[in-house]
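Chain residues, written in single-letter form:
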Amino acid sequence: MYDIKQFRPTLYLLLLLGFTGYAIAAGAPALWLIAVSATILNKWLFDRGRFKPMPRLVANLVTLAFAALLVLRVKQIPGPPILAIGEFLIFLQLVKLFEQRGNRDLAQLLILSLLLMVSAAISTGSLLFGVIFVVYLFLSLYCCLLFHLKTETDHAKAVVGVDERKLNPMTLKQDQRFLSRSMRRLTGFVSAVAIFMAIFVFLFFPRGTGAGIIGNMAFKPAQAMTGFSDQVSFQDVARITQNEAEVAKVAITRDGEPFGAPGEIIYLRGSAPDTYVSDPDDINRWKWIRTVDTNSDQIVASRGQAYTLNSVPFGTVRYKQEIRLLPTGSDVIFAMPGAIEITPQRESRLKFNPIDQVIQLNEHLTGELPYTVVSTGQIGPDEPRESRSLADSFLPEALRQRYRLATPEPVRRYPVPVRIKEFALQDEVAGTDTKGNLAQQRLGTKEVSPLDERLASNFETYLKQEFLYTLDLTDAGRIADQDPIEQFLYDFKRGHCEYFAGAMALMCQSVGMQARVVVGFKCDEFNSVGGYYIVRQSHAHAWVEVLTLNGWQTFDPTANREANPLGTAASMWKKITYFFDYLDYTWGNNVVNYDADSRMNLIQNVDSGLTNTAIQTSTWLQDMKSWFDLQNFYWVSSGLLSILVVAMVCAIAGAMVYFMYERMRLKKRAKRIGLGQLPTSDQKRLARQLAFYDDLIQVLDRKQVQRPAHLTPMEFSQSVGYLPNEIYSSVQRLTRIFYRIRYGGQQLDSDQQRRLMRVVYRIEEILQTRRS
């Protein structure tokens, strides 16, 4: 009975793994640094014998202080709310570390660490966290087994009352050596059984559809950051910081061929507000809002079932997008322009508005949503027409009746501000031709005009060239009571994408054109390893769609929105990052999103594979039977005979090589132990019998204990008295056995040889321990 010295280092390592897993899930490196530093300090105090438990009263007060602090700042903690509980669990573990007095405190540490990893696992599907979690589970099993053994040992010591100092130290070392080995074997056996059962349960038992809902609920961030919002508002002015959080992964094919390249831009449409509230007395003043009919039919979408949103002529280019969308705090579903079909990969309630082509959920997205969308890349007719009013919808009659749309024309409740119209009518802004100002020519026309595309292009070019892009508008607070779009055009001439898009849309509407702002994502970050786009919150963007004779055309007036400079020539580090991102993407698709439907697909694939294998095997046997007839018998038998002859020659050659190698090895051994003067037959026989003594000489030689040439084996065994008693006595005993075999003719059987080899290995272990 003795202290289980392996337990405490294993416990510290387990706690550090738990802190690391939580830091990855929560993205909290500062908290990880604090927790790790406190754990290392606690271990140092224990190792130096300076640890004194924290008083219970102090521990309780500190715990209450942490709880109060968490309540005060719970809404400021980014990410899912379960992570706030995880942060409190870390503080509890740190308190318990410095309060521990006995096994009860250690058990509480184990439980708190496990709860921390559970809270992190609910909140993330990261591959890196998954790897750490698997290692954590194995280590926690080992730690729990050690803890159980420690508690039983402590209980036995208390009952028996034997002083550990009175026990044979060599016996204790022997027990410790075998303890680690046996505990590792037990842990490995239990882990293997657990892995098998876990894989079996994971593959063949269904998972609930509500998994991940708690983990993906998020609080609203306190700081203004780049990111998607379906509200285009100019009232809140702040310095906007970049948010690199990932929103989605998008794999695209164009007519069945992979589409995308580093630096190639895609637009993912979200919402499409069409009316600017210019009335300063309105509660929604200076915002873009949607005024289209939103009473669309609800779509109860089943997993894997495709739903037609629009119809297009045969031969139209089709972009198929496989999207994994993370929670965005919105009900908007993103897709490339011109969506014609959607296939959700989980049960969903969707609605589609054919006027502005916006796809939405019935509720805000609280968990990851994988879905597939087929788009044309453009909203509108495939062939130009001379003129088309907005009332003449681009929808087929069947879809018009399906959505019960009397007219797709939105109701505009607010006029365009006069100063914005005056700005749009300037020659340098609208452009001119031989007939004069293009905007003046466009006034008074309600139908779509051939001038619309040229005017929109001129507005876009002017804003790009004459205005500056910035995320910092903190000095715009002094114009809080004035129209921000007017101030953007006339005074500041700088702003972020919403200012550019809002200004261009109003300029188009001021001269009678149909235009709307579109908010979504503009992405050029392409993972060339996995073949998909990575969409981040910092890719959130606003642009303009204008109705032309060729349908709704996309215009992006924002200045200085350059493509990713790493696009075409990504650095090695970026490629490595993309590789791990691809692993994470594959992990999410095949493991995190594995559900009951995936299980059924797996079972069907396995069943089909077994059926096909049986059919192919039966066909192969029939073919072999028909092929192996009399006319082929001679050829087959001669071929088999040749193969057997070659195999026999190879076996004989191998045996000869092994014989020569064994002969050479035995000769070298005989020379090392002083048998070189004997006949060859005696050398071989004694070299086999005295293998244990040869190993003993080599072990001692590696530890700088060499036998001088002038000493006999017995004299040498007597000269090593400076070694530990156990080694000295073992060397003496082995030397006496050497003499009985060498000169007395004694023979050793295989069991006796194995026992002597174990003694030699034991000597080597003691020498290594003594040297360290």
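Residues numbered from 1 in each chain as written. Predicted model: local features only at pLDDT ≥ 70, side-chain atom pairs only at ≥ 80, totals over all residues. Heavy atoms only, no water.

**Student:** Looking at this model, I keep getting lost on the packing of helix H1 (residues 7-26) against helix H4 (residues 82-97). Mind explaining?
**Tutor:** The relative placement of two packed helices comes down to the angle between their axes together with the axis-to-axis distance. Put simply, H1 and H4 touch, their axes get as near as 11 Å, and they point 155 degrees apart. When the axes of H1 and H4 are compared, the pair comes out roughly antiparallel. In terms of crossing hand, the pair formed by H1 and H4 is left-handed. Note on element contacts: H4 touches H1 through Leu83, Gly86, Glu87, Ile90, Gln93, Leu94 and Leu97, opposite Tyr12, Leu15, Phe19, Tyr22, Ala25 and Ala26. (Axes fitted to C-alpha atoms, helices over the stretch in contact; angles between N-to-C directions. Helix = DSSP H or I, 4+ residues; strand = E, 2+ residues; numbered from the N terminus. Parallel < 35°, antiparallel > 145°, perpendicular 65-115°, else oblique. Left-handed = near helix turned anticlockwise from the far one by under 90°. Contact = heavy atoms within 4.5 Å.)

**Student:** Before we go on, may I ask you to explain helix H2 (residues 29-47) in this structure?
**Tutor:** Helical geometry note: an α-helix holds 3.6 residues per turn, so side chains three or four residues apart project in the same direction. The end-to-end C-alpha distance of H2 is 27 Å, a good match for the 27 Å that 19 residues give at a rise of 1.5 Å each. Restricting attention to buried positions, one finds in H2 the residues Leu31, Ala35, Val36, Ala38, Thr39, Asn42 and Leu45. The inward-facing, buried residues of H2 abut H1 and H4. Looking at the residues trailing H2, positive phi occurs at Gly49, about 70 degrees. (Expected span 1.5 Å × (residues − 1). Buried < 20%, exposed > 50% of the residue type's maximum accessible area, 1.4 Å probe, protein only.)

**Student:** Looking at this structure, how should I read helix H22 (residues 725-742)?
**Tutor:** Over its 18 residues, H22 extends 26 Å from the first C-alpha to the last, a length consistent with the 26 Å expected when each residue adds 1.5 Å. Among the residues of H22, those classed as buried are Ile727, Ser730, Val731, Gln732, Leu734, Thr735, Ile737, Phe738, Ile741 and Arg742.

**Student:** Would you mind going over the environment of Leu110 with me for this structure?
**Tutor:** Mapped onto the elements, Leu110 comes out in helix H5 (residues 103-123). The exposure class of Leu110 is buried, given its relative accessible area of 10%. In this structure the C-alpha to C-alpha distance between Leu110 and Leu15, which are 95 residues apart in sequence, comes to 8.1 Å.

**Student:** Please clarify how the confidence of the model for the protein chain should be interpreted in this entry.
**Tutor:** Detailed reading of predicted coordinates is not advised where the pLDDT is low. Per-chain confidence: the protein chain averages 78 in pLDDT, with 75% of residues scoring 70 or above. When the criterion is pLDDT under 50, residues 382-411 qualifies, and its contacts beyond four places in sequence or with other chains add up to 64 contacts. Between residues 561-570, whose pLDDT stays under 50, and residues either more than four places distant or in other chains, the model counts 13 contacts. (pLDDT = per-residue confidence, 0-100.)

**Student:** How should the pattern of salt bridges be read in this particular structure?
**Tutor:** Side chains that differ in charge, positive against negative, can pair when their charged atoms come close. Applying the stated criterion to the full structure yields 23 salt bridges. With its nearest N and O atoms 2.6 Å apart, the salt bridge here joins Arg56 to Glu99. In this pair, Arg56 is assigned in helix H3 (residues 56-73) and Glu99 in the loop between H4 and H5, connecting sequence segments 43 residues apart. What makes Glu99 buried here is its relative accessible area of 5%. Glu99 is paired through a salt bridge with Lys96; the nearest N and O atoms lie 3.0 Å apart. Judged on exposure class, the residue Glu99 and its partner Lys96 are both buried. Ionic contacts of the salt-bridge type, sharing partners, join the residues Arg56, Lys96, Glu99 and Asp105 into one network. (Salt bridge = Lys/Arg side-chain N within 4 Å of Asp/Glu carboxyl O.)

**Student:** Is there a simple way to think about the packing of aromatic side chains in this case?
**Tutor:** Think of a pair of aromatic rings as described by two things: how far the centres are apart, and how the planes are tilted against each other in angle. Tallying each qualifying case throughout the model produces 19 aromatic pairs. Seen from their ring centres, Phe129 and Phe133 are 5.7 Å apart, and the 10 degrees between their planes marks the pair as stacked. Within this pair, Phe129 and its partner Phe133 are both found in helix H6 (residues 127-160), separated by 4 residues, close to a single helical turn. Residue Phe133 is classed as partly exposed on the basis of its relative accessible area, which comes to 22%. Here the aromatic rings of Tyr462 and Phe467 are separated by 6.3 Å at their centres, their planes lie at 65 degrees, and the arrangement is edge-to-face. (Phe/Tyr/Trp six-rings, centres within 6.5 Å; stacked < 30°, edge-to-face > 60°.)

**Student:** What is the right way to look at the pairing of strand S21 (residues 532-536) in this model?
**Tutor:** Within a regular strand, the side chains alternate between the two sheet faces. Across the 5 residues that make up S21, a large majority, 5, are buried. As judged from the 2 bridges shared by strand S20 (residues 526-527) and S21, these two strands associate in the antiparallel manner. Counted as the bridge partner of Asn527 is Tyr532 from S21. Hairpin connection, S20 to S21: the antiparallel pair is bridged by 4 residues, and Gly531 has positive phi, about 75 degrees. (Pairing = 2+ DSSP bridges.)

**Student:** Quick question: what am I supposed to make of the packing of H2 against H4 here?
**Tutor:** Running from N to C, H2 and H4 point in directions that differ by 15 degrees, and their axes come no closer than 10 Å. Regarding the angle of H2 to H4, the classification is roughly parallel. Seen along the crossing, H2 lies across H4 with a hand that is left-handed. Here Leu31, Ala35, Ala38, Thr39 and Asn42 of H2 lie close against H4, whose contacting residues are Glu87, Ile90, Phe91, Leu94 and Leu97. The residue makeup of the contact of H2 with H4, split by class, is 7 nonpolar, 2 polar and 1 charged. (Nonpolar A, V, L, I, M, F, W, Y, C, P; charged D, E, K, R; others polar.)

**Student:** Looking at this structure, I do not really get the side chain of Arg742. What am I missing?
**Tutor:** Within the element layout of this structure, Arg742 appears in helix H22. Buried and without a salt bridge, Arg742 has Asp682 as its closest oppositely charged side chain, separated by 7.8 Å. In contact with Arg742, not counting residues within four places along its chain, are Leu675, Leu678 and Leu686. (Lys, Arg positive; Asp, Glu negative; His and termini not counted.)

**Student:** Can you help me understand the sheet that holds strand S19 (residues 515-523) in this one?
**Tutor:** Backbone hydrogen bonds are what pair the strands of a sheet, in a parallel or an antiparallel way. Taking strand neighbours across the sheet as the criterion, the 4 strands line up as S4-S19-S22-S23 in an open arrangement whose pairing is antiparallel. If you trace the sheet from one side to the other, it starts and ends with strand S4 (266-271) and strand S23 (551-555), each paired once. For this sheet, the mean inter-axis angle between neighbouring strands, taken without regard to orientation, is 45 degrees. The sheet contact formed by strand S22 (residues 540-548) and S23 spans 5 bridges and is antiparallel.

**Student:** What should I look at first to understand a nonpolar patch on the surface in this one?
**Tutor:** A surface patch of nonpolar side chains, amounting to about 570 Å² of accessible area, comprises Leu186, Phe189, Val190, Val193, Phe196 and Met197. By the element assignment, Phe189 lies in helix H7 (residues 169-204). Taking the relative accessible area as the measure of exposure, Phe189 reaches 57% and is therefore exposed. (Patch = residues over 30% accessible without salt bridge, like charges linked within 9 Å, V, L, I, M, F, W, Y side chains within 5 Å. Areas by Shrake-Rupley, 256 points an atom, 1.4 Å probe, with all protein chains shown as cover.)

**Student:** Honestly, the nonpolar core in this entry has me stumped. Any pointers?
**Tutor:** Note on soluble globular proteins: their nonpolar side chains tend to be buried together. One finds Phe7, Leu11 and Ile90 to be the most contacted residues of the largest nonpolar core, which totals 47 residues. Setting aside anything within four residues of it in sequence, one finds Phe7 in contact with Leu106, Cys143, Leu146, Phe147 and Lys150. (Core = buried A, V, L, I, M, F, W, Y, C linked by side-chain atoms within 4.5 Å.)

**Student:** Is there a simple way to explain unusual backbone geometry in this structure?
**Tutor:** Among all residues save glycine, negative phi is the norm, and among peptide bonds the norm is trans. Of note in the backbone geometry, Asp255 takes a positive phi value of approximately 50 degrees without being a glycine. Along the chain, Asp255 turns up in the loop between strand S2 (246-254) and strand S3 (257-259). Phi at Lys493 takes a positive value of approximately 55 degrees, unusual for a residue other than glycine. Along the chain, Lys493 turns up in the loop between helix H14 (484-492) and strand S18 (494-495).

**Student:** How do you make sense of the pairing of strand S12 (residues 348-353) when you look at a structure like this?
**Tutor:** Pairing geometry for S12 and strand S13 (residues 358-361), over 4 bridges, is antiparallel. For Leu350, the partnering residue across the bridge sits in S13 and is Leu361. In sequence, S12 turns back onto S13 through a hairpin of 4 residues, with Gln357 there showing a positive phi of about 60 degrees.

**Student:** Would you mind going over the side chain of Arg669 with me for this structure?
**Tutor:** Within the element layout of this structure, Arg669 appears in helix H18 (residues 630-672). Each residue touching Arg669, except ones within four places of it in the same chain, is listed here: Ala687, Arg688, Ala691 and Asp694.

**Student:** Explain the environment of Val517 to me, please; I cannot follow it from the model alone.
**Tutor:** Positionally, Val517 belongs in strand S19. Look at Val517 and you get buried, because its relative accessible area is 1%. Spatially, the C-alpha atom of Val517 lies 8.6 Å from that of Thr275, the residues being 242 residues apart in sequence. Leave out the neighbours within four places in its chain, and Val517 touches Ser271, Ala272, Pro273, Trp288, Ala501, Gly502, Ala505, Ala542 and Trp543.

**Student:** Explain the environment of Gln357 here, please?
**Tutor:** As for its placement among the helices and strands, Gln357 is situated in the loop between S12 and S13. For Gln357, a relative accessible area of 9% corresponds to the buried category. The sequence separation of Gln357 and Arg269 amounts to 88 residues, and the corresponding C-alpha distance is 8.8 Å. Those residues within four positions of Gln357 in sequence are excluded, and the remaining contacts are Arg269, Asn310, Gly338, Ala339, Phe352 and Ile379. At a separation of 3.1 Å, a polar atom in the side chain of Gln357 contacts the side chain of Asn310. (Polar contact = N/O pair within 3.5 Å; in protein donor to acceptor, adjacent residues only side chain to side chain.)

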